[in-house]
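Working through the structure, step by step
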Amino acid sequence: MSAAGPRRGSALWGAAKQRMAQAWGDHASGAVLPDIARRPHTASADVSGAPILRVDALRKRYGDQEVVRGLSFAIHRGECFALLGPNGAGKTTTLRCCLGLVDPDGGTIELVGEPVPKAARAARVRVGVVPQMDNLDPDFTVRENLIIYGGYFRLPREQLDQRIPRLLEFAGLAGKAGTSIRTLSGGMKRRLTLARALINDPDMLILDEPTTGLDPQARHLIWDGLRQLLKQGKTILLTTHFMDEAERLATRLAVIDHGTMIACDAPRVLLEQHVEPEVVEVYGEAARSWAEVRGRALCNRLELAGETAFCYATDAAPLLADLATRTGVRSLHRPANLEDLFINLPGLELRD
Ligand code: ADP
């Protein structure tokens with residue numbers, strides 16, 4: 001292949017397009033995307049103050065199983081909105097409905113001012129997507145992957161030539177333009193997928209579990225990138241089952257299970273509503289007996305999980321004073337976090 005990337009219409013181009021279409025469903029293939037190069041594309045194109053994504057009473061059924069059951073939420077410009085929930089809760093299905101990749105059985109969706117699925121193609125042109133599974137093309141280099149993706153949006157080559165170095169810089173891949181995808185680490189691939197999602201300068205990013213499978217350092221690099229994008233005014237919708245990810249990034253979050261909304265608000269508000277502010281974790285061989293004999297009386301609530309006692313308190317001072325006199329127990333005093341919210345949220349069924 002030439003250093004300039006695969007030529008449109010070539011056999012390699014065709015193969016790349018086919019692979020992308022398989023990964024995303026036919027809707028995502030370049031052939032069905034409208035030509036955004038000729039379309040006005042400004043942030044002010046949306047009605048001022050209107051949500052960038054509005055989902056109302058969404059329903060989706062697979063066979064006998066209704067996996068999204070009347071979900072409603074709205075996301076405004078500049079927000080980072082996290083969809084949380086256990087595996088199988090319906091998060092990915094919700095995202096796929098929002099992108100028009102599967103047709104809902106009920107409800108309405110409006111994405112960047114366009115009704116979905118009716119005008120999903122027009123909406124997708126102004127949205128960047130990071131799918132859960134890596135679908136970079138292993139046959140091509142880093143730069144070629146971006147060129148191919150830009151081709152789906154019919155972006156002119158000069159524009160791509162300007163954008164790609166900036167995107168690689170953003171992704172921390174500035175020296176990797178000519179590198180084969182096969183030699184990239186998992187974190188680099190994820191960052192490239194994020195850069196690829198920005199090729200069309202989208203108003204909104206939709207990320208399905210953006211850091212699953214990454215080590216802590218790689219996750220931090222992705223989070224830094226997402227924070228930069230939020231500072232630039234982009235809107236982010238992400239799914240995750242990492243509470244720390246939601247805690248670091250989300251301005252609001254929705255917890256869903258069995259396709260229904262369990263809770264939706266700012267993380268701080270949800271914590272205030274559902275969890276005491278202080279937590280003392282007590283471990284060790286004497287933890288269970290200490291919990292029953294002393295612990296329960298000294299805190300608002302106490303949960304036992306294996307050898308650990310989780311003590312939830314409005315004021316942890318009496319607990320800590322008692323623990324200081326004990327042997328056979330160790331303890332960790334910390335503020336309540338979203339993990340605690342997840343464990344304590346009424347209506348959320350804990351399972352493996
Ligand atoms: P989550 O992203 O929260 O893990 P999903 O939206 O992927 O949940 O899945 C919700 C439910 O829908 C699961 O029970 C899953 O097995 C089922 N499901 C998802 N996609 C399909 C499909 N294409 N066909 C049949 N069932 C599906």
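About the cut-offs
Residues numbered from 1 in each chain as written. Predicted model: local features only at pLDDT ≥ 70, side-chain atom pairs only at ≥ 80, totals over all residues. Helix = DSSP H or I, 4+ residues; strand = E, 2+ residues; numbered from the N terminus. Buried ≥ 20, exposed ≤ 12 C-beta atoms within 10 Å, placed from the backbone. Pairing = 2+ DSSP bridges. Axes fitted to C-alpha atoms, helices over the stretch in contact; angles between N-to-C directions. Contact = placed C-beta atoms within 7 Å. Expected span 1.5 Å × (residues − 1). Arc of directions from axis to C-beta.

1. Some remarks on the environment of R268
- Tracing the chain through its elements places R268 in helix 9 (residues 267–274).
- Residue classification places R268 among the exposed residues on the basis of 9 C-beta atoms within 10 Å.
- Measuring from C-alpha to C-alpha, the distance between R268 and A336 comes to 10.0 Å, with 68 residues separating the pair along the chain.

2. A closer look at the sheet that holds strand 4 (residues 106–111)
- Strands sit in the order 2-1-4-5 across an open sheet of four strands; the sheet is antiparallel. The two strands at the open ends of the sheet, each matched to only one other strand, are strand 2 (65–75) and strand 5 (114–116). Ignoring which end each strand starts from, the neighbouring axes of this sheet average 25° apart.
- When strand 1 (residues 53–62) meets strand 2, the two strands line up antiparallel, connected through eight bridges. Bridge assignment links L53 to a residue of strand 2, and that residue is I75.
- Those strands touched by helix 2 (residues 91–98) are strand 1, strand 2, strand 4 and strand 5, and its axis lies near 120° from that of strand 1.

3. Considerations on helix 7 (residues 216–231)
- With 16 residues, helix 7 ought to run about 22 Å at 1.5 Å a step, and its terminal C-alpha atoms sit 23 Å apart, in line with that.
- Listed in full, the buried residues belonging to helix 7 are R219, I222, L226 and L229. Projected onto a plane normal to the axis of helix 7, the buried residues spread over an arc of 80° and lie on a single side. Residues of helix 7 that are exposed and point more than 90 degrees away from the buried face comprise P216, Q217, D224, Q228 and K231.
- Buried residues belonging to helix 7 abut helix 6 (186–197), strand 7 (204–208), strand 8 (235–240) and helix 8 (243–249).
- A positive phi of about 100° marks G233, the residue just after helix 7.

4. Here's the deal with helix 4 (residues 142–152)
- Within helix 4, 11 of the 11 residues are buried, which leaves the element mostly enclosed by the surrounding structure.
- Of all the positions in helix 4, only V142, R143, E144, N145, L146, I147, I148, Y149, G150, G151 and Y152 are classed as buried.

5. Brief notes about the sheet that holds strand 14 (residues 330–335)
- Taken together, the four strands give an open sheet; going across it, the order is 12-13-11-14, and neighbouring strands pair in antiparallel fashion. Each having just a single partner strand, strand 12 (301–305) and strand 14 make up the two edges of the open sheet. The average angle at which neighbouring strand axes cross in this sheet is 20°, direction not considered.
- Direction of pairing for strand 11 (residues 278–283) relative to strand 14: antiparallel, over a ladder of six bridges. Residue E281 lies in a different strand from strand 14, and its bridge partner there is L332.
- Packing against the sheet, helix 10 (residues 287–298) makes contact with strand 11, strand 12 and strand 13 (308–313), and its axis sits at approximately 25° to strand 13.

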